[in-house]
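Topology and contacts: notes
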Amino acid sequence: MAGDNEAIGTLFTWINPAIVRYCRARIGRTGSAYSSADDVAQEIMLAVLGALPRYSDDRESFLPFVYGIASHKVADYYRRSGRDRSDPVADVPDTVDHGLGPEQTMLRGEMRTRLVALLDTLAPRQREILVLRLVVGLSAQETATAIGLTATAVRVAQHRALTRLRAGLSAGDWL
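Residues numbered from 1 in each chain as written. Predicted model: local features only at pLDDT ≥ 70, side-chain atom pairs only at ≥ 80, totals over all residues. Heavy atoms only, no water.

Our working definition: UniProt positions are given in the numbering used here, feature names are shortened, and annotations may be inferred rather than shown by experiment.
As annotated in an unreviewed UniProt entry, the chain is RNA polymerase subunit sigma-70 from Actinokineospora bangkokensis. In its Sequence similarities (unreviewed entry) section, UniProt records this for the chain: "Belongs to the sigma-70 factor family. ECF subfamily."

Encoded structure:
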C-alpha cells in the first residue's frame, strides 16, 4: 500500500493464478486460446493496483476485495462484448501446433458446451457461488464476503445448487 515495488510484485505473484483461474472459469475459452480471459485478468490486476490505497488493512478481507473487483471487471467484459459487433480473426501461428488434434478439440468443446448448459440451469447467484467455491477455491467465509452473504447462506446455496445439478444430470435434461 506504501508503493513498495517488491511488495507489489510479491502480491501480484501470489494473486495472479487465482485471478486468471477465476476469469477463465467465468469467461471461458475464446477461439483456441484464453486471450479474452487473460486480458480481463490483466485489467483486474491493474484495477487492484489502483485500488490498493483505498483498501483497509484487513488480511481476511483482501481476497474478497480482489474478487469484488474481478466480478465487476468480468461484468464490464460481458457488457463490452455485447456491444462489440466485430468478428475477430485468429492470428496465424508461427509454428506447428503439436497440441490436441481436431477430435480432442471437438470433444472438449462439446463437453464445455454441455457443462455451460448445465450451469445455465442454475440461478446466477448459485452459479457464482459454485465458481468461487469449486473453481477458484475460496472458503465459504471468503465467498460470503465477496458476494455479500453469510457463510451459512453460501453453504446452503452451494448445497442447493449441487443438488439441482445432480437432479439435472440424472434426468438427462442437459444432453
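Once the structure has been displayed, the description carries forward.
1. Observations concerning the overall build of the chain
What counts, and what does not: Helix numbers and strand numbers start at the N terminus; a helix is a DSSP run of H or I with at least 4 residues, a strand a run of E with at least 2. Contacts are assigned to residue pairs that have any heavy atoms within 4.5 Å of one another. In short, Shrake-Rupley with a 1.4 Å probe defines the accessible areas, and a residue's cover is counted only from the protein chains shown.
A count of helices and strands for the chain gives seven helices and zero strands. Beginning at the N terminus, the succession of helices and strands in the chain can be written as α-α-α-α-α-α-α. Long-range contacts, defined as pairs at least 24 residues apart, comprise 63% of the intrachain contacts of the chain with a sequence gap of at least 6. Within the structure as shown, the chain displays about 11600 Å² of accessible surface, and the carbon and sulfur contribution to it stands at 55%.

2. Remarks on the side chain of Thr-143
Tracing the chain through its elements places Thr-143 in helix 6 (residues 140-147). Apart from the residues lying within four places of it in its own chain, the contact partners of Thr-143 are Ile-129, Leu-132, Arg-133, Leu-138 and Val-154.

3. Re helix 3 (residues 62-83)
Quick reminder of the rule: To estimate how far a helix should extend, the number of its residues minus one is multiplied by 1.5 Å. When a residue's accessible area, from a 1.4 Å probe over protein chains only, is under 20% of the maximum for its type it is buried; when over 50% it is exposed; and in between it is partly exposed.
Between its terminal C-alpha atoms helix 3 stretches 32 Å, which fits the 32 Å expected from 22 residues at 1.5 Å a residue. Within helix 3 the residues assigned to the buried category are Phe-62, Leu-63, Pro-64, Val-66, Tyr-67, Gly-68, Ile-69, Ala-70, Val-74 and Tyr-77.

4. Considerations on the environment of Leu-149
For Leu-149, the location among the structural elements is in the loop between helix 6 and helix 7 (151-171). Among the residues examined, Leu-149 registers a relative accessible area of 28% and is labelled partly exposed. Setting aside residues up to four positions removed in sequence, Leu-149 forms contacts with Arg-125, Ile-129, Ala-144 and Val-154.

5. Concerning the pattern of salt bridges
Put simply, the test is: When a carboxyl oxygen of Asp or Glu lies within 4 Å of a side-chain nitrogen of Lys or Arg, that pair is called a salt bridge.
Applying the stated criterion across every chain yields a total of five salt bridges. A salt bridge links Asp-38 to Arg-24; the nearest nitrogen and oxygen atoms lie 3.2 Å apart. Remark: Arg-24 occurs in helix 1 (residues 5-27) and Asp-38 occurs in helix 2 (residues 35-51); sequence separation between them is 14 residues. For Asp-38, a relative accessible area of 30% translates into the label partly exposed. With relative accessibility at 32%, the residue Arg-24 sits in the partly exposed group. The salt bridge involving Arg-114 is made with Glu-110; its shortest N-O contact spans 3.4 Å. In this pair, Arg-114 and Glu-110 are both assigned in helix 4 (residues 102-119), four residues apart and thus about one turn of the helix distant. What makes Arg-114 partly exposed here is its relative accessible area of 32%. Taking relative accessible area as the criterion, Glu-110 reaches 34% and is therefore assigned partly exposed.

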